[in-house]
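Architecture at a glance
So you can see what is in the structure, the chains are spelled out below.
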Amino acid sequence: METTPVLSPPATESPTPWNWARKNLFSTWYNSILTVVCLIVAFQTIKGIIVWATTKAQWRVLEANLPLFFAGRFPSESYWRLWIVAAIIALLGGLTWGNIQREERLWNPPLLIILGAAVVGAVISPIDLTSRLYLLGIIIAATASYVIARQINPKILGWMPAIWALSFPVILWLIKGGLGLTEVSTNDWGGLVLTLFLAVISIVLSFPLGVLLALGRQSSLPVVKLFSTLYIEIVRGLPLIGILFLGQVMLQLFLPPEYPKLDRVIRAIAGLTLFSAAYLAENVRGGLQAVPRGQIEAARSIGLNTPLLTILIVLPQALRTVIPAIGGQFIGLFMDTSLLSLFGMLELIGISRAVLANPSYIGRYAEVYIFVGIIYWVFCYSMSLASRKIERSLEVSQR
């Protein structure tokens, strides 16, 4: 009886950096040439940036105007209110992130890198000692709440959306004032505070409006369907700058003379919300069309009426499917707030233009816009990362 010879396993190379580079970067002669060219270009580019940043750039413009970039003309004696707002957001953000990360390791390399960078940035930032201590305290609070969230019952953290909603009146009271606090006019809001306020409120308002418009466009009622379709198509056919112009300049002309003038922040939020809701509605409509027809028929067969069918069966599946598109829409809305600088609002870009108009800082465009660009990138990347985490937790990426 013949026996089958036992073959030895194929030889494998040890996973060293050189073996990886030889396999992925220098596998052929033309890949080798392309790799060398790319390395030379990258080296020269990085070298030029480092030389400019260390020898030619004048970062004094940022150090001298740092309060303006973050708080605009908000009264300096009331900065403590903004620190409390930042602490509230950090605590709730840490709890939320800890709940999202529940199924993963407590500490992973990316999180440790972000935490280390935040601590180093707080220590070396060109601000006074008291502000540095406040900033370090906020980082510690966010870290502690993240760790605590991993130990709390998930059912308790299921109330986080309601807690966020309840925190909004407190945050608005701290920023706006009143009821015992000195009132701060919205004309004094600016910088990152105004940008975040506009973006967050517009996102919160545009989401339910976009969902309602998507449902209205799918409705069997002709009037509701016609109105939703006309609104979506008309708004999507207009540029955002035109809608903001109507809200900031033309809206008051259509109101009766005795009607009180609307606050410019409210008009800006209205323009951003109405514009974003139309695009969000189309994203949600795509998710509604992806829900299998069989599930809808099965829900009807057990006696669910239309509202319960929509809330319990259709919407959860539709929204899970379009989480990446919704996240992209919210990121776009955050960046669209920069257009309000054209109407004299001193959000991040408006503050940058005001700083550069100072004769002492003429020509410092690169320093200012690199700094502002980094701020936008940090928040946009955080929103993208949160979107991916939510998508992964709902197992959308595996579908």
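Each remark here, short or long, concerns the structure printed above.
Residues numbered from 1 in each chain as written. Predicted model: local features only at pLDDT ≥ 70, side-chain atom pairs only at ≥ 80, totals over all residues. Heavy atoms only, no water.

**What to know about the packing of aromatic side chains**
By the definition in use, this model includes 11 aromatic pairs. Ring geometry for phenylalanine 207 against phenylalanine 330: centres 6.4 Å apart, planes inclined by 65°, an arrangement best described as edge-to-face. One end of the pair, phenylalanine 207, is in helix H9 (residues 191–217); the other, phenylalanine 330, is in helix H15 (residues 323–336), with 123 residues separating them in the sequence. Their ring planes at 10° and their centres at 5.2 Å tell us that tryptophan 377 and tyrosine 381 sit as a pair that is stacked. (Phe/Tyr/Trp six-rings, centres within 6.5 Å; stacked < 30°, edge-to-face > 60°. Helix = DSSP H or I, 4+ residues; strand = E, 2+ residues; numbered from the N terminus.)

**Looking at the pattern of salt bridges**
This structure, assessed with the given rule, holds seven salt bridges. The residue lysine 176 makes a salt bridge to glutamate 183 at a minimum N-O spacing of 3.7 Å. Residue glutamate 282 is joined to arginine 236 by a salt bridge in which the shortest nitrogen-to-oxygen separation is 3.6 Å. Within this pair, whereas glutamate 282 is found in helix H12 (residues 264–290), its partner arginine 236 is found in helix H10 (residues 222–236), the two being separated by 46 residues in sequence. Look at glutamate 282 and you get buried, because its relative accessible area is 17%. (Salt bridge = Lys/Arg side-chain N within 4 Å of Asp/Glu carboxyl O. Buried < 20%, exposed > 50% of the residue type's maximum accessible area, 1.4 Å probe, protein only.)

**With respect to a nonpolar patch on the surface**
A surface patch of nonpolar side chains, about 580 Å² in accessible area, is lined by Trp59, Ile370, Ile374, Trp377, Val378 and Tyr381. Of note, tyrosine 381 is situated in helix H17 (residues 365–393). (Patch = residues over 30% accessible without salt bridge, like charges linked within 9 Å, V, L, I, M, F, W, Y side chains within 5 Å. Areas by Shrake-Rupley, 256 points an atom, 1.4 Å probe, with all protein chains shown as cover.)

**A few points about the packing of helix H16 (residues 348–356) against H17**
Relative to each other, H16 and H17 sit at 165°, their axes nearing to 10 Å. Between H16 and H17, the interaxial angle falls into the category roughly antiparallel. Between H16 and H17 lies a crossing of right-handed hand. When H16 is examined against H17, the residues Leu348, Ile349, Ser352, Arg353 and Leu356 are found in contact with a partner set consisting of Tyr365, Val368, Tyr369, Val372, Ile375 and Tyr376. (Axes fitted to C-alpha atoms, helices over the stretch in contact; angles between N-to-C directions. Parallel < 35°, antiparallel > 145°, perpendicular 65-115°, else oblique. Left-handed = near helix turned anticlockwise from the far one by under 90°. Contact = heavy atoms within 4.5 Å.)

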